[in-house]
Amino acid sequence: MTELVVLGFSDREKAEEVMRLGADLSRQELLDLEDAALAWRTPDGKVHVQQAHSTTGAGAVTGAVWGTLFGMLFLMPVFGAAVGAAAGAAAGRLRDVGIDDAFIKEVAATLEPDRAAVFALVRKSTPDRVREALRPFAPTVIRTSLTKEREEELVAALHGV
């Protein structure tokens, strides 16, 4: 079952390190993420969001490849690539799956200035190893889809209790 976990950090740099850590844990097969995002609030109160996976970009690349192939059939590969990339980007944007962008912005708007949050949609993990890796970053649990008991366990484990 996929679980949502939103962790808060004292600054953007720590949150970015945790995003890199998540990618490393994925390579080690200790963490399987369906989606992840980083959000932070600047001193002037503006909210910024950085998605881990760009469906728009992936759609554009796929569309360009298919567009080139179809363009070659009609002796217009450059035109086909351009049309395919545009169509692929549009399809990718519409196909946005994972963590809802509106939810990310809503939660990020509650952050204090200069604070950041990491959003993770976790398919499966090795909980003890992931918690141990996260502990040095001193995250706070902002929101989860875990049961109350499992959320309390997570908070205790992240704080070394």
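Placed above this text is the structure.
This text gives an overview of the structure that appears in the document. This one's a predicted model, so the numbers in the text were calculated from it and none came from an experiment. (Residues numbered from 1 in each chain as written. Predicted model: local features only at pLDDT ≥ 70, side-chain atom pairs only at ≥ 80, totals over all residues. Heavy atoms only, no water.)

**Describing the pairing of strand E3 (residues 47-51)**
Here strand E2 (residues 31-41) runs beside E3; their pairing, made up of 5 bridges, is antiparallel. Residue Ala37 lies in a different strand from E3, and its bridge partner there is Gln51. The hairpin turn running from E2 into E3, its antiparallel successor, is 5 residues long, and Gly45 in that turn takes a positive phi close to 95°. (Pairing = 2+ DSSP bridges. Helix = DSSP H or I, 4+ residues; strand = E, 2+ residues; numbered from the N terminus.)

**Describing the environment of Thr2**
Locating Thr2 in the fold gives a position in the segment before strand E1 (3-9). For Thr2 and Lys124, which are 122 residues apart along the polypeptide, the C-alpha to C-alpha distance reads 7.1 Å.

**Quick look at the packing of aromatic side chains**
A full pass over the atoms with the stated rule returns 1 aromatic pair. Relative to Phe119, the ring of Phe103 lies with its centre 6.1 Å away and its plane at 85°, an arrangement referred to as edge-to-face. Here the residue Phe103 occupies a position in helix H4 (residues 101-108), and Phe119 occupies one in strand E4 (residues 116-125), the gap between them amounting to 16 residues. Both residues of the pair, Phe103 and Phe119, belong to the buried class. For the cation-ring pair, Arg12 lies above Trp40, with the distance from its terminal atom to the ring centre recorded as 3.8 Å. (Phe/Tyr/Trp six-rings, centres within 6.5 Å; stacked < 30°, edge-to-face > 60°. Buried < 20%, exposed > 50% of the residue type's maximum accessible area, 1.4 Å probe, protein only. Lys NZ or Arg CZ within 6 Å of the ring centre and 35° of its normal.)

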